[in-house]
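Fold and contact review
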Amino acid sequence: MKTVLITGAAGFLGSHLCDRFLAEGFHVIGMDNLLTGSLDNIQHLFPKKEFEYYHHDVTKFVHVPGELDYILHFASPASPIDYLKMPIQTLKVGALGTHNLLGLAKAKQARILVASTSEVYGDPLTHPQKEDYWGNVNPVGPRGVYDEAKRFLEAITMAYHNFHGVETRIVRIFNTYGPRMRVNDGRALPAFFSQAIRGEGLTVFGDGSQTRSFCYVDDLVEGIYRLLMSDHHLPVNIGNPDEISIKEFAEEILAIVGNPEATITYKELPKDDPKVRQPDITKARNLLGWEPKISRKDGLKVTLDYFKEVVG
Ligand code: UDP
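Notes on the structure in this doc start here.

Scoring rules and cut-offs
- Residues numbered from 1 in each chain as written.
- Predicted model: local features only at pLDDT ≥ 70, side-chain atom pairs only at ≥ 80, totals over all residues.
- Heavy atoms only, no water.
- Core = buried A, V, L, I, M, F, W, Y, C linked by side-chain atoms within 4.5 Å.
- Buried < 20%, exposed > 50% of the residue type's maximum accessible area, 1.4 Å probe, protein only.
- Helix = DSSP H or I, 4+ residues; strand = E, 2+ residues; numbered from the N terminus.
- Phe/Tyr/Trp six-rings, centres within 6.5 Å; stacked < 30°, edge-to-face > 60°.
- Pairing = 2+ DSSP bridges.
- 1 Å grid on protein atoms, 1.4 Å probe; cavity = no way out; pocket = protein on both sides within 12 Å on 5 of 7 lines; lining within 4 Å.
- Points joined across faces, edges and corners; volume = space filled by probe spheres on them.
- Nonpolar A, V, L, I, M, F, W, Y, C, P; charged D, E, K, R; others polar.
- Near = heavy atom within 4 Å.
- Polar contact = N/O pair within 3.5 Å; in protein donor to acceptor, adjacent residues only side chain to side chain.
- Disulfide = S-S within 2.5 Å.
- Axes fitted to C-alpha atoms, helices over the stretch in contact; angles between N-to-C directions.
- Contact = heavy atoms within 4.5 Å.
- Parallel < 35°, antiparallel > 145°, perpendicular 65-115°, else oblique.
- Left-handed = near helix turned anticlockwise from the far one by under 90°.

1. A closer look at the nonpolar core
- With 61 residues, the main nonpolar core has Phe21 and Phe74 as its most contacted residues.
- The greatest single-element share of this core, amounting to seven residues, is contributed by helix H6 (residues 217-229).
- Ranked by size, the runner-up nonpolar core spans 23 residues in total, among them Leu5, Met31, Leu101 and Leu153.

2. Overview of the packing of aromatic side chains
- As enumerated under the stated definition, the model contains 13 aromatic pairs in all.
- Aromatic side chains phenylalanine 21 and tyrosine 225 sit 5.2 Å apart centroid to centroid with 50° between the ring planes, which places their arrangement in the tilted category. Taken together, the residues span a long stretch of sequence, with phenylalanine 21 in helix H1 (residues 12-23) and tyrosine 225 in helix H6 at a distance of 204 residues. Here the two residues phenylalanine 21 and tyrosine 225 agree in accessibility, since each one is buried.

3. Some details on the pairing of strand E1 (residues 3-7)
- In terms of burial, E1 is a largely internal element, five of the five residues being buried.
- Side chains Thr3, Leu5 and Thr7 of E1 all project onto a buried face; the interleaved residues Val4 and Ile6 project onto the opposite face, where all are buried too.
- In the sheet, E1 pairs with strand E2 (residues 27-32) via five bridges, with the strands oriented parallel. Note on E2: the bridge partner recorded for leucine 5 is isoleucine 29.
- Both E1 and strand E4 (residues 70-73) contribute to a ladder of four bridges, which runs parallel. Within the sheet, the bridge partner assigned to isoleucine 6 lies in E4 and is leucine 72.

4. A closer look at the layout of surface pockets
- Taken as a whole, the second largest pocket holds about 150 Å³ of empty space.
- The wall of the second largest pocket is formed by Ser38, Asp40, Asn41, Arg180, Met181, Arg182, Tyr306 and Val310.
- Here the residues of the lining of the second largest pocket sort into three nonpolar, two polar and three charged.

5. Details of the site of the ligand
- As a matter of local geometry, the ligand sits amid 18 residues, with Thr203, Phe205, Arg212, Asp273 and Arg277 nearest to it.
- A distance of 2.8 Å separates an oxygen atom of the ligand from a polar atom in the side chain of asparagine 175.
- Alanine 188 has a polar backbone atom sitting 2.9 Å from an oxygen atom of the ligand.
- Elements with a minimum of two residues in the shell around the ligand: helix H5 (188-198) and strand E8 (201-205).
- Class assignment of the residues belonging to the shell around the ligand gives a composition of eight nonpolar, four polar and six charged.

6. Digging into unusual backbone geometry
- Residue proline 128 is bonded to the preceding histidine 127 through a cis peptide linkage, with omega at -10°.
- At glutamine 109, a residue that is not glycine, the phi angle is positive and equals roughly 55°.
- Mapped onto the elements, glutamine 109 comes out in the loop between helix H3 (87-108) and strand E5 (111-117).
- Judged by relative accessible area, glutamine 109 falls into the exposed class, the value being 75%.
- If you check the backbone angles, aspartate 272 has positive phi at about 65° while not being a glycine.
- Summarising the element assignment, aspartate 272 is placed in the loop between strand E13 (263-267) and helix H8 (282-288).

7. Some thoughts on the state of the cysteines
- A full pass over the atoms with the stated rule returns zero disulfides.
- No disulfide involves cysteine 215; its sulfur sits 19 Å from that of cysteine 18, the nearest cysteine.
- Accessibility expressed as a relative area gives 0% for cysteine 215, which makes it buried.

8. Some thoughts on the sheet that holds strand E6 (residues 168-173)
- In spatial order, the strands read E3-E2-E1-E4-E5-E6-E11; together these seven strands make up an open sheet with parallel pairing. Among the strands making up the open sheet, the edge pair consists of strand E3 (51-55) and strand E11 (236-238). Mean inter-strand twist for the sheet, computed between neighbouring axes without regard to direction, equals 20°.
- The sheet contacts of H1 involve E1, E2, E3, E4 and E6, and relative to E1 the element is tilted by about 170°.
- Packing of H3 onto the sheet brings it into contact with E1, E4, E5 and E6, and relative to E4 it is tilted by some 175°.

9. Points about the packing of H3 against helix H4 (residues 144-164)
- As a packed pair, H3 and H4 sit with axes 8 Å apart at the nearest point and diverge in direction by 15°. One finds that H3 runs roughly parallel with respect to H4. For the element pair H3 and H4, the recorded crossing hand is right-handed. Across the interface between the two elements, Pro87, Thr90, Leu91, Gly94, Ala95, Thr98, His99, Leu102, Gly103 and Lys106 from H3 touch Val145, Tyr146, Ala149, Phe152, Leu153, Ile156, Thr157, Tyr160 and His164 from H4.

10. Focus on the side chain of asparagine 237
- Topologically, asparagine 237 is positioned in strand E11.
- Exposure remark for asparagine 237: the relative accessible area of 0% places this residue in the buried category.
- A distance of 3.0 Å separates a polar side-chain atom of asparagine 237 from the backbone oxygen of glutamine 129.
- A distance of 3.1 Å separates a polar side-chain atom of asparagine 237 from the backbone oxygen of aspartate 280.
- Residues within four places of asparagine 237 in sequence aside, it is in contact with Tyr121, Gln129, Lys130, Glu131, Arg172, Phe174, Pro279, Asp280, Ile281 and Ala284.

Set out below in structure tokens:
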């Protein structure tokens, strides 16, 4: 039985990855310090004997006994309001945390996949974004703490690959949604769903003409699994190219929820908010034979059931 360490295991993506690797027959060690994660997301895994949970902050030395075959580094605050509230932790987990996990991968001769982000492209000047675009990031703006932490994560991962010969994989994750997103994480989708269910105004920032491309979590997990098992060490975009403006997205959610009391309210656009975002997934298609399968309509239906349960 192969063993995988998943950091950020109690988070939205981390917990779905734990589910997937357990289903594939792995021994899964989930690690988290619960800064933004919640044990609610992995409570159902505790009875499984193939699952172990370590409460640990990966910015401190990471010790795992025994053999490790794979490491997935998914620990980090990831929503704009989280990294605004926790700028130092965000920088530390991307930098010191990644360093510790690369060191662990080297010591254990494990293959490591690190979670990067479309934020490495910043407010992009090319569209859609391809992996060979270097990005347009403001290092001293409000998003700089996340963007630069993830850019450092990529750089140090490449250094461990080139200098130490560690087997590394880098996934650039675009906007992803699904069950277990935190209701109050401040992102567009949880905000819109909870506002629509409560019959409030959906807070569209700016005029809502900025675009995003939303990927259902199961599609993302499949792409990550395939990338880990591939032999490609350079960054790969994983996301759904189905692009939509935030205003249209709010209208779509209003229609799906169908609460006549809910409306749209416009709020100020946050500084450095990217105007467009859409992954070019040619590389993932060619290298991994991967593309998203779940339409926004189907993904949002499942996600609505989840939000109906958790929105008080
Ligand atoms: N947004 C919005 N209302 C909200 C939250 C976000 O209009 O209540 C906008 C935000 O300004 C951005 C887009 O929706 O243009 C996606 O924001 P999110 O925080 O989900 O993630 P991002 O893609 O910016 O990291």
